[in-house]
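# Per-entry structural report
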Amino acid sequence: IQMDTFYVKADFGSIIANRMELARAKNVITKIGFGNVLLDFDRQTSEACKVNASVGAGNLEILLPRNNTPVIIHIKDSPLCGVRIVEGFEEVEQNVFVNMSYDANAENLLSFDVDVALGMVRFKYAD
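Residues numbered from 1 in each chain as written. Predicted model: local features only at pLDDT ≥ 70, side-chain atom pairs only at ≥ 80, totals over all residues. Heavy atoms only, no water.

## Brief notes about the side chain of asparagine 99
Let me state the cut-off plainly: We count a stretch as a helix when DSSP gives it H or I for four or more residues in a row; a strand needs E for two or more, and each element gets its number in order from the N terminus. To sort residues, take the accessible area from a 1.4 Å probe on protein chains only and compare it with the maximum for the residue type: under 20% means buried, over 50% means exposed, and anything in between is partly exposed. Contacts described as polar in this section are N or O atom pairs within 3.5 Å, which, within protein, must combine one atom able to donate a hydrogen with one able to accept it, while residues neighboring in sequence count only if both atoms come from side chains. Here, two residues are considered to be in contact whenever any of their heavy atoms come within 4.5 Å of each other.
For asparagine 99, the position within the fold is in strand β8 (residues 96-99). A relative accessible area of 12% means that asparagine 99 is categorised as buried. Only 2.8 Å separates the side chain of asparagine 99 from the backbone oxygen of threonine 69, close enough to count as a polar contact. Filtering out sequence-adjacent residues up to four positions away, asparagine 99 remains in contact with Thr69, Pro70, Val71, Gly88 and Phe89.

If you want it as structure tokens, here you go:
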């Protein structure tokens, strides 16, 4: 059964969400006041997923799949935020990145909307 929304909120603390493809969520919302977040999307999925992640102060790490999964990343950053995007992504607009498999109409599109005020955002592969 497909989940509509996977929602996690923590004012203070860390969240590790492994094997997110098993949730089969259409929407993933993660809100952290102060802390660290790890979202593991490193396995390919057959459904589209929109991820909205915000961190007030801390680090956000997102593991991406390598295999032909279309990905688009929208980042809202600040001067106090560092951003690292894994190789294979191209910046098509300011703070908008897509991989080589990107297709806006893909059935398995992973779409990320990321907002970190103070800290670091890292997109990387699991290995």
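That shown, we press on.
## As for empty space enclosed by the protein
Under the convention used in this document: Put plainly, a pocket is an open set of points on a 1 Å grid over the protein atoms alone with protein on both sides within 12 Å along at least five of seven lines, a cavity is a set where a 1.4 Å probe fits but cannot get out, and a lining residue has an atom within 4 Å of a point. Grid points are joined across faces, edges and corners, and a volume is the space filled by probe spheres set on the points. Ten residue types, Ala, Val, Leu, Ile, Met, Phe, Trp, Tyr, Cys and Pro, are classed as nonpolar, four, Asp, Glu, Lys and Arg, as charged, and the remainder, Gly among them, as polar.
By the definition in use, this model includes one cavity of 30 Å³ or more. Considered as a void within the structure, the largest cavity measures approximately 90 Å³ in volume. What lines the largest cavity is simply Met20, Glu21, Arg24, Ala25, Phe41, Arg43, Thr45, Glu47, Ala48, Cys49 and Leu110. Across the lining of the largest cavity, the residue classes tally to six nonpolar, one polar and four charged.

## Focus on the pattern of salt bridges
What counts here: We define a salt bridge as a contact between a side-chain nitrogen of Lys or Arg and a carboxyl oxygen of Asp or Glu at a distance within 4 Å.
Summed over the entire model, instances satisfying the criterion amount to four salt bridges. Between aspartate 42 and arginine 43 there is a salt bridge, with its nearest N and O atoms 3.4 Å apart. Residue aspartate 42 is classed as partly exposed on the basis of its relative accessible area, which comes to 21%. Exposure remark for arginine 43: the relative accessible area of 38% places this residue in the partly exposed category. The residue glutamate 61 makes a salt bridge to lysine 124 at a minimum N-O spacing of 3.3 Å. Of the two residues, glutamate 61 is situated in strand β4 (residues 49-64) and lysine 124 in strand β9 (residues 110-125); the sequence distance between them amounts to 63 residues.

## Description of the nonpolar core
Taken as a class, soluble globular proteins show a tendency for nonpolar side chains to be buried jointly. Formally: Only buried residues count toward a nonpolar core. Its members are Ala, Val, Leu, Ile, Met, Phe, Trp, Tyr and Cys residues joined through side-chain atoms within 4.5 Å.
Phe41, Leu60, Ile62, Leu64, Phe112, Val114 and Phe123 are the most contacted members of the largest nonpolar core, which has 33 residues in total. For this core, the secondary-structure elements that each account for two or more residues are β1 (3-12), β2 (15-17), β3 (25-40), β4, β5 (71-76) and β9. Ignoring any residue separated from it by four or fewer positions in sequence, one finds phenylalanine 41 in contact with Met20, Val28, Cys49, Val51, Ile62, Leu63, Leu64, Pro65, Leu110 and Phe112. Ile72, Val96, Val98 and Ala106 belong to the second-largest nonpolar core, a separate cluster that totals five residues.

## Focus on the packing of aromatic side chains
What counts is decided by this rule: Each Phe, Tyr or Trp ring (for Trp, its six-membered ring) is paired with any other whose centre lies within 6.5 Å, and the angle between the two planes then decides the class: stacked below 30 degrees, edge-to-face above 60, tilted in between.
In total, this model carries two aromatic pairs according to the counting rule given. With 5.5 Å between their ring centres and 75 degrees between their planes, phenylalanine 112 and phenylalanine 123 make a pair best called edge-to-face. A relative accessible area of 3% places phenylalanine 123 in the buried class. Pairwise contacts between aromatic rings join Phe41, Phe112 and Phe123 into one cluster.

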